[in-house]
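# Analysis of the macromolecular model
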Amino acid sequence: MKHMQVNHKKAALLGLQHLLAMYSGAIAVPLLIGTALKFNSTQMTYLVSIDIFMCGLATALQLFRNRYFGIGLPVVLGCAIQAVAPLQMIGKKFTIGTMYGAITVAGIFVFLVAGYFSKIKKLFPPVVTGSLITVIGLSLIPVSIQNLGGGNSAAKNFGDPKNLLTGFITVAIILALQVWGKGFIKSIAVLVGLIAGTLIASTLGMVSLTPVAQASWFHLPQPFYFGMPQFEWSSSLTMIIIALVSMVESTGVFFAIGDLLHKDITSDDLKKGYRAEGLAQILGGIFNTFPYTTFSQNVGLLELSGITTKRPIYWASGFLMLMGLLPKFGALVTIIPNSVLGGAMLVMFTMIAVQGMRMLKRVDFEDTRNILIVAISIGLGLGVTVYPHVFQALPETVQLLLGNGIVVASLSATILNLLFKGKSGLEEQHIPAAPEKIEIQH
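What counts, and at which threshold
- Residues numbered from 1 in each chain as written.
- Predicted model: local features only at pLDDT ≥ 70, side-chain atom pairs only at ≥ 80, totals over all residues.
- Heavy atoms only, no water.
- UniProt positions renumbered as here; feature names shortened; annotations may be inferred.
- Phe/Tyr/Trp six-rings, centres within 6.5 Å; stacked < 30°, edge-to-face > 60°.
- Helix = DSSP H or I, 4+ residues; strand = E, 2+ residues; numbered from the N terminus.
- Buried < 20%, exposed > 50% of the residue type's maximum accessible area, 1.4 Å probe, protein only.
- 1 Å grid on protein atoms, 1.4 Å probe; cavity = no way out; pocket = protein on both sides within 12 Å on 5 of 7 lines; lining within 4 Å.
- Points joined across faces, edges and corners; volume = space filled by probe spheres on them.
- Salt bridge = Lys/Arg side-chain N within 4 Å of Asp/Glu carboxyl O.
- Contact = heavy atoms within 4.5 Å.
- Core = buried A, V, L, I, M, F, W, Y, C linked by side-chain atoms within 4.5 Å.
- Expected span 1.5 Å × (residues − 1).
- Axes fitted to C-alpha atoms, helices over the stretch in contact; angles between N-to-C directions.
- Parallel < 35°, antiparallel > 145°, perpendicular 65-115°, else oblique.
- Left-handed = near helix turned anticlockwise from the far one by under 90°.
- Nonpolar A, V, L, I, M, F, W, Y, C, P; charged D, E, K, R; others polar.

Per an unreviewed UniProt entry, the chain goes by the name Uric acid permease PucJ and belongs to Lactobacillus taiwanensis. The UniProt entry for the chain carries this comment under Sequence similarities (unreviewed entry): "Belongs to the nucleobase:cation symporter-2 (NCS2) (TC 2.A.40) family." Taken verbatim from the UniProt record of the chain, the Subcellular location (unreviewed entry) comment is "Cell membrane".

Here you go:
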């Protein structure tokens, strides 16, 4: 790919593309929790707006690397979807204050243990990271297909021809631009696909501007909007387990981006990355939002666009904070139909899986032990993703941990690697292949 300089206007468009890639995941959490806790429209508006603002702020904490926190990689942070069920349970069983108290405690825990957790780097040789990143990509693909079909697989209109048409047209546009597009147009293929797909969907009567009309113009973040935090030990422990799950997922994302950048991710990088997520989670408790974690969907976008520097992510962060303050603009993004988003997600998520497979190319598959590690880890990871309730007879805390396919794949690959190879398995060096990328002038 040719080297090209990208100015701020182009970086802003790339930033908007990153925002659109993660937006549906970011607003899904407040919508699900607000609905479960029977929030009224005013409360829901606040929850969604402040959540978008906090996604931008959490992203900024990771981007601005300093001696204490911030991994300094082109990452985007959003709500941890695995937190939805536990938070709904806590909110219903106790109070909303208990929910936010538990989020704050978990954030403090992540910040304090970041240094210890970063020592796990040696547990992630290529056979482990390749398996983990492959599972991250493959486990997201059903989400993209569900969106492509309309969003709700239980709905009567799931798989409606209109959904299929707009979803696959979006895929076709992105693929066409990726294969035949030139220069900058090629790097914003996903953005063009989303806009074109939405315009086509609007001609089929699939786009409503009602959310934009109903949204307010301006909104300020308020600490403890829903009340002061309350602390209850079992709720706090539950959210600490969820935080550990998020840390494992983020580790996979950090290594995936390091691989794209041809950069070795050190223990110090991991520590600062975890600390930034911990800080974001503490702020989530204070401003009554949610736990934040590094989003894997944006890794696929880095791979597709070929632009792997931070300038577009700064723009994405700024846009998110601005949209959190201006709900009408935030609502504008929600008019993109699920089927169009699903089409774009399908391309991005499969790219993550392929990146994991490329990492596995560096593994010696003449060694039967490596074949078994990869096969069992991917098998377990995908199996648990499809049927997380396989562990429903186990204690609830164990279910929270093992109900996540990415965590199961990570545990499986790590344990099998240690079991089969002992210390020699930890000494394999992670040597990323030099990626093709477009440089951005800072």
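Moving on, we come to the packing of aromatic side chains. Tallying each qualifying case throughout the model produces six aromatic pairs. Measuring from ring centre to ring centre gives 6.4 Å for Tyr-100 and Phe-226, while their planes differ by 5 degrees; the resulting arrangement is stacked. Of this pair, Tyr-100 sits in helix α4 (residues 96-117) while Phe-226 sits in the loop between α9 (210-214) and α10 (233-261), placing them 126 residues apart in sequence. Assigned by exposure class, Tyr-100 and Phe-226 land together as buried. Within the aromatic cluster, the residues linked to one another by ring pairs are Tyr-100, Tyr-225 and Phe-226.

Turning our eyes to something else, we now look at empty space enclosed by the protein. Within this structure, the stated rule accounts for three cavities of 30 Å³ or more. The calculated volume of the largest cavity comes to roughly 60 Å³. Taken together, Ala-80, Val-110, Ala-243, Ser-246, Met-247, Glu-277, Gln-281, Pro-291, Tyr-292 and Thr-293 make up the lining of the largest cavity. Within the residue set of the lining of the largest cavity, elements represented by two or more residues are α10, α11 (267-286) and β2 (292-294). Among the elements that make up the lining of the largest cavity, the one with the highest residue count is α10 (three residues).

What follows covers the pattern of salt bridges. Counted under the stated rule, the structure contains seven salt bridges. For Arg-65, the salt bridge goes to Asp-268, with nearest N and O atoms at 3.6 Å. Here Arg-65 is found in the loop between α2 (41-63) and β1 (77-79), whereas its partner Asp-268 is found in helix α11, with 203 residues between them in sequence. Residue classification places Asp-268 among the partly exposed residues on the basis of a relative accessible area of 33%. Of the charged contacts in the structure, one is a salt bridge between Arg-65 and Asp-269, with a shortest N-O distance of 2.9 Å. One end of the pair, Arg-65, is in the loop between α2 and β1; the other, Asp-269, is in helix α11, and 204 residues separate them in sequence.

Moving on to the side chain of Thr-98. Within the element layout of this structure, Thr-98 appears in helix α4. Take Thr-98: its relative accessible area is 6%, and that puts it in the buried class. Ignoring anything within four residues of it in the chain, the contact list for Thr-98 reads Ile-90, Gln-230, Glu-232 and Ser-235.

Residues Met-239 and Tyr-292 are the most contacted members of the largest nonpolar core, which totals 117 residues. Among the elements that make up this core, the one with the highest residue count is α10 (14 residues).

Attention shifts here to unusual backbone geometry. Non-glycine residue Phe-224 carries a positive phi angle of around 55 degrees. In this fold, Phe-224 is placed in the loop between α9 and α10. Phi at Asn-288 takes a positive value of approximately 60 degrees, unusual for a residue other than glycine. Note on placement: Asn-288 falls in the loop between α11 and β2. Here Asn-288 falls in the buried class, since its relative accessible area comes to 0%.

To continue, consider helix α5 (residues 126-148). Given a rise of 1.5 Å per residue, 23 residues ought to cover 33 Å, and the 33 Å separating the end C-alpha atoms of α5 matches this to within 8%. With 18 of 23 residues buried, α5 lies mostly within the body of the structure. Two residues or fewer after α5 comes Gly-150, characterised by a positive phi angle close to 135 degrees.

Here we take up helix α8 (residues 189-203). Along an α-helix, residues three or four apart share an orientation, since each turn contains 3.6 residues. Relative to the 21 Å expected for 15 residues at 1.5 Å per residue, α8 spans 21 Å between its end C-alpha atoms, a close match to the ideal helical length. Within α8 the residues assigned to the buried category are Ala-189, Val-190, Leu-191, Gly-193, Leu-194, Ala-196, Gly-197, Thr-198 and Ala-201.

Look at α8 against helix α15 (residues 338-360): their axes get within 9 Å of each other, and the N-to-C directions meet at 155 degrees. Classified by the angle their axes make, α8 and α15 are roughly antiparallel. Relative to α15, the crossing made by α8 is right-handed. Residues Val-190, Gly-193, Leu-194, Gly-197, Thr-198 and Ala-201 of α8 touch α15, and the partners they reach there are Val-340, Leu-341, Ala-344 and Met-348. A class-by-class count of the residues in the contact of α8 with α15 yields seven nonpolar, three polar and no charged.

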